[in-house]
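Given next are the chains, with one letter for each unit.
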Amino acid sequence: MKVIVVSGGVISGLGKGITTSSLGRLLKARGIPVTIVKIDPYLNVDAGTMNPYQHGEVFVLDDGTEVDLDLGNYERFLGQSLMGTHNLTTGKIYRSVIEKERRGDYLGNTVQIIPHVTGEIKRSIREVAQGAGAEVVLVEVGGTVGDIESMPFLEALRELSYELGEGHMAFVHTTLVPVVGPVGEAKTKPTQHSVRELRAIGIRPNMIMARSPVPLTPDIKAKISLFCDVPPDAVVSVPDEPVIYEVPLVLEAQGVGSLLTRVLGLTDRPPDYTAWKEFLTNYRRGEGSVEVAVVGKYTELRDAYLSHSEAFHHCQGHLGTEIRLSWYDSEDIPRNPSLVARIQRSDAILVPGGFGARGVEGKVRAIEIARTERIPYLGVCYGFQMAAVEYARHVLGLPKANTTEVDPGTPDPVVCLLEEQKGVNELGGTMRLGAQRVLLTAGSKVAEVYGKTEIWERHRHRFEINPKYIDRFRAAGLNATGFSVDSRVEAFEASDHPFFVGVQYHPEFLSRPEAPHPLYLALVRAAIARKEVAAPVAPAPALA
Ligand code: GLN
């Protein structure tokens, strides 16, 4: 087992997740089987109970584990699906240690952070490596070196490197090299301090990834090399890239792939980036552009809808059409007519998932615009449920129709609690979660889009379309065309609209750069068709 640890210094939010994902891609491009584990040192057992405003979107894996959004980046960069065991949290580790203590597994010993908690961390990492059949496991340690909560994890990784022996583990430290002052001087001092912090706990980095707004000059690299005791070729410049999928190539160009294989004693082969480069070439082609309005509640923090933005990036890398995303806070829509006018001018509308009453009327209004102006629409989870509410109110003529999540006393509960959710009191990990089989109606739009009638998609919800209304919706032109094996509505589409599709599941979690999700592609294609994009325009600026 070979392990690459990616730690972070100076500040959080340096894009460690992208760096880690890119390192994985470098090895994968060489035919080396890899996998990635994320350590989140917080006490939450999983990310499921966290507000998207604090940590960004909650990503869902096939097995239904709700995880940090970095796992989404790993899946997209590696093109492989991960499991819940790939996200370690302090909550999970302590829960397991305490369960063992209660069972008496520690045979009367005093249970301590070292060796029991660190032992549990090492055991978990080894278990993932074995289960995934990977030659190299990348371990990203969330937070910043020096944080109290990440100490047991770093200590465990130090112990692991001792146990595995020389040449089995590489430590990659990501730091910030700020550019300050009137002449734009790159400063290495924060990096020096954070490496010193790492060395104080017994870890000597093999490589430094310096995040900086601009590429590092050779003298700055030499300075970091001298002060931090790493070879000059192991000081890597990771400047801001407008498209995150450029990062593996930026690292490759600095010899990072070969250096890592050397440190780990692996055979270095010429990397294959054919499909990856094709994606990037298409991405930059900029043949015309379309504007997609995204109407949600957490629009101030783009990370809250990360997988949706990425899914559109994937479409751009496939179709070569620039996709501009315009973000609308649904709460502002009912009180601001100019927003309505802008949404009416967009080429497609997406309403993503969400929870609770705040902002729902704005979502309903945006969906009404999509339906009546015949603008291509994709509703995801809450955006699907809200489309049912909109259709019920304005087409079925049920003005008080609602989801019972918002109005428990509504006379027309077109969206209601899943039967098995009744009596569920705990919030953590109790929704209908993860990959479920969905059967699509032959001849429907969704079946045509997927090119098949049986799919697996990831879920995260407590409410569903009330089966009592399915026939009335159908009679009014909104056809349920996707069902779970136990007959819940998973997808519907409007018959008299170019593209008005809602899905109960989360297609955004399965979109990959080399395999964009068919529903997003279909939405964008419908937008292009609507706009009738003609001649190619100048190269496209990157998405925000
Ligand atoms: N709040 C809705 C439900 O629980 C939708 C969930 C979501 O959009 N992820 O069913």
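Student: I would appreciate a short explanation of the overall build of the protein in the present structure.
Tutor: Per the secondary structure count, the protein includes 18 helices and 23 strands. Against the compact-globule benchmark of 24 Å for 544 residues, the protein has a radius of gyration of 25 Å, which places it among compact chains. With the principal axes as the frame, the protein shows a C-alpha extent of 70 × 65 × 45 Å. Here the analysis covers contacts within the protein between residues at least 6 apart in sequence; of these, 73% occur between residues at least 24 apart. When the 58 basic and 66 acidic side-chain charges of the protein are each reduced to a single mean position, those positions are 1 Å apart.

Student: Sorry, what's going on with helix α10 (residues 256-264) here?
Tutor: Residues spaced three or four apart along an α-helix face the same direction, because each turn holds 3.6 residues. Of the residues making up α10, those classed as buried are Val256, Gly257, Leu259, Leu260, Thr261 and Leu264. Taken from the residues just after α10, Gly265 is the one with a positive phi, measuring 65 degrees.

Student: Is there a simple way to think about the site of the ligand in this case?
Tutor: The full set of residues close to the ligand is Gly353, Gly354, Phe355, Cys381, Tyr382, Gln385, Glu405, Arg460, His461, Arg462, Phe463 and His506. The contact in question runs from an oxygen atom of the ligand to an N or O atom on the backbone of Arg462, over 3.0 Å. Relative to its unbound accessible surface of 300 Å², the ligand loses 99% to contact with the protein. Put simply, the parts of the chain that give the shell around the ligand at least two residues each are α15 (382-394) and β19 (454-461). Tallied by class, the residues present in the shell around the ligand amount to four nonpolar, five polar and three charged.

Student: Teacher, can you tell me more about the nonpolar core here?
Tutor: One recurring pattern in soluble globular proteins: nonpolar side chains tend to sit buried together. Core analysis: the biggest nonpolar cluster contains 54 residues, and Ile4, Leu23, Met207, Met209, Leu251 and Val256 have the highest contact counts within it. The residues contacting Met209, other than those within four sequence positions of it, are Thr19, Leu23, Val172, His173, Thr174, Thr175, Val236, Val238, Leu251 and Val256. Counting 41 residues, the second largest nonpolar core, distinct from the first, contains Ile333, Val340, Leu396 and Val489.

Student: Where do I start with the sheet that holds strand β2 (residues 34-40) in this structure?
Tutor: The strands that make up a sheet pair up through hydrogen bonds in the backbone, lying either parallel or antiparallel. The sheet built from seven strands is open, its strands ordered β5-β2-β6-β1-β7-β10-β11 with parallel pairing. Two strands bound the open sheet, and with one partner strand each, they are β5 (87-89) and β11 (235-239). Across the sheet, the mean angle from the axis of one strand to that of its neighbour is 20 degrees, orientation sign disregarded. Alignment of β2 against β5, held across three bridges, turns out to be parallel. Among the inter-strand pairings, Asp40 is bridged to a residue of β5, identified as Thr89. Relative to the sheet, helix α3 (residues 70-78) contacts β2, β5 and β6 (136-141), its axis offset from that of β2 by approximately 170 degrees.

Student: How should unusual backbone geometry be read in this particular structure?
Tutor: The phi torsion of most residues other than glycine is negative, and most of the peptide bonds are trans. A cis geometry characterises the amide bond from Ile114 onward to Pro115, with omega recorded as 15 degrees. Position of Pro115 among the secondary structure elements: in helix α5 (residues 113-132). Positive phi is not limited to glycine here, since Asp229 has a value of about 65 degrees. Considering the arrangement of structural elements, one finds Asp229 in the loop between α8 (218-228) and β11. The phi dihedral of Ser487 falls on the positive side, at around 70 degrees, and the residue is not glycine. Along the polypeptide, Ser487 turns up in the loop between β21 (478-484) and β22 (489-494).

Student: Before we go on, may I ask you to explain the packing of helix α4 (residues 90-103) against α5 in this structure?
Tutor: The description of two helices packed together rests on the angle between their axes and the distance between the axes. At a closest axis distance of 10 Å, the pairing of α4 and α5 adopts a crossing angle of 115 degrees. Crossing of α4 against α5: the hand is right-handed. Here α4 contributes Ile93, Tyr94, Ser96, Val97 and Lys100 to the contact with α5, which in turn contributes Ile113, His116, Val117, Glu120, Ile121, Arg123 and Ser124. Residue classes in the contact of α4 with α5 are distributed as six nonpolar, three polar and three charged.

Student: Explain the pattern of salt bridges here, please?
Tutor: Oppositely charged side chains may form a pair once their charged atoms are brought near each other. Using the criterion set out here, one finds 37 salt bridges in the structure. We note a salt bridge from Lys38 to Asp68, for which the minimum N-O separation is 3.2 Å. Within this pair, whereas Lys38 is found in strand β2, its partner Asp68 is found in the loop between β4 (66-67) and α3, the two being separated by 30 residues in sequence. Each member of the pair Lys38 and Asp68 is classed as buried. Arg123 is the salt-bridge partner of Glu120, the closest N and O atoms lying 2.5 Å from each other.

Student: Just checking my understanding: could you explain the environment of Glu252 for this structure?
Tutor: Tracing the backbone through its elements, the reader meets Glu252 in helix α9 (residues 247-253). Put simply, Glu252 and Gln421 are 169 residues apart on the chain and 49 Å apart in space, counted from C-alpha to C-alpha. When neighbours within four sequence positions are excluded, Glu252 is seen to be in contact with Leu26, Arg30, Pro271 and Tyr273. At 2.9 Å, the side chain of Glu252 forms a polar contact with the side chain of Arg30.

Student: Just checking my understanding: could you explain the packing of aromatic side chains for this structure?
Tutor: In this description, an aromatic ring pair is defined by two values, namely the gap between the centres and the angle between the planes. According to the stated counting rule, one finds 13 aromatic pairs in the structure shown. Seen from their ring centres, Tyr245 and Phe279 are 5.3 Å apart, and the 80 degrees between their planes marks the pair as edge-to-face. Of this pair, Tyr245 sits in the loop between β11 and α9 while Phe279 is found in helix α11 (residues 274-285), placing the two residues 34 residues apart along the sequence. According to the relative accessible area criterion, Tyr245 is buried, its value standing at 0%. Pairwise contacts between aromatic rings join Phe77, Tyr245, Trp276, Phe279 and Tyr283 into one cluster. The ring of Tyr391 carries the charged tip of Arg371 above its face, separated from the ring centre by 5.8 Å.

What counts, and at which threshold
Residues numbered from 1 in each chain as written. Predicted model: local features only at pLDDT ≥ 70, side-chain atom pairs only at ≥ 80, totals over all residues. Heavy atoms only, no water. Helix = DSSP H or I, 4+ residues; strand = E, 2+ residues; numbered from the N terminus. Rg over C-alpha atoms; globule rule 2.2 N^0.38 Å. Contact = heavy atoms within 4.5 Å. Lys, Arg positive; Asp, Glu negative; His and termini not counted. Charge placed at Lys NZ, Arg CZ, Asp CG, Glu CD. Buried < 20%, exposed > 50% of the residue type's maximum accessible area, 1.4 Å probe, protein only. Near = heavy atom within 4 Å. Polar contact = N/O pair within 3.5 Å; in protein donor to acceptor, adjacent residues only side chain to side chain. Areas by Shrake-Rupley, 256 points an atom, 1.4 Å probe, with all protein chains shown as cover. Nonpolar A, V, L, I, M, F, W, Y, C, P; charged D, E, K, R; others polar. Core = buried A, V, L, I, M, F, W, Y, C linked by side-chain atoms within 4.5 Å. Pairing = 2+ DSSP bridges. Axes fitted to C-alpha atoms, helices over the stretch in contact; angles between N-to-C directions. Left-handed = near helix turned anticlockwise from the far one by under 90°. Salt bridge = Lys/Arg side-chain N within 4 Å of Asp/Glu carboxyl O. Phe/Tyr/Trp six-rings, centres within 6.5 Å; stacked < 30°, edge-to-face > 60°. Lys NZ or Arg CZ within 6 Å of the ring centre and 35° of its normal.

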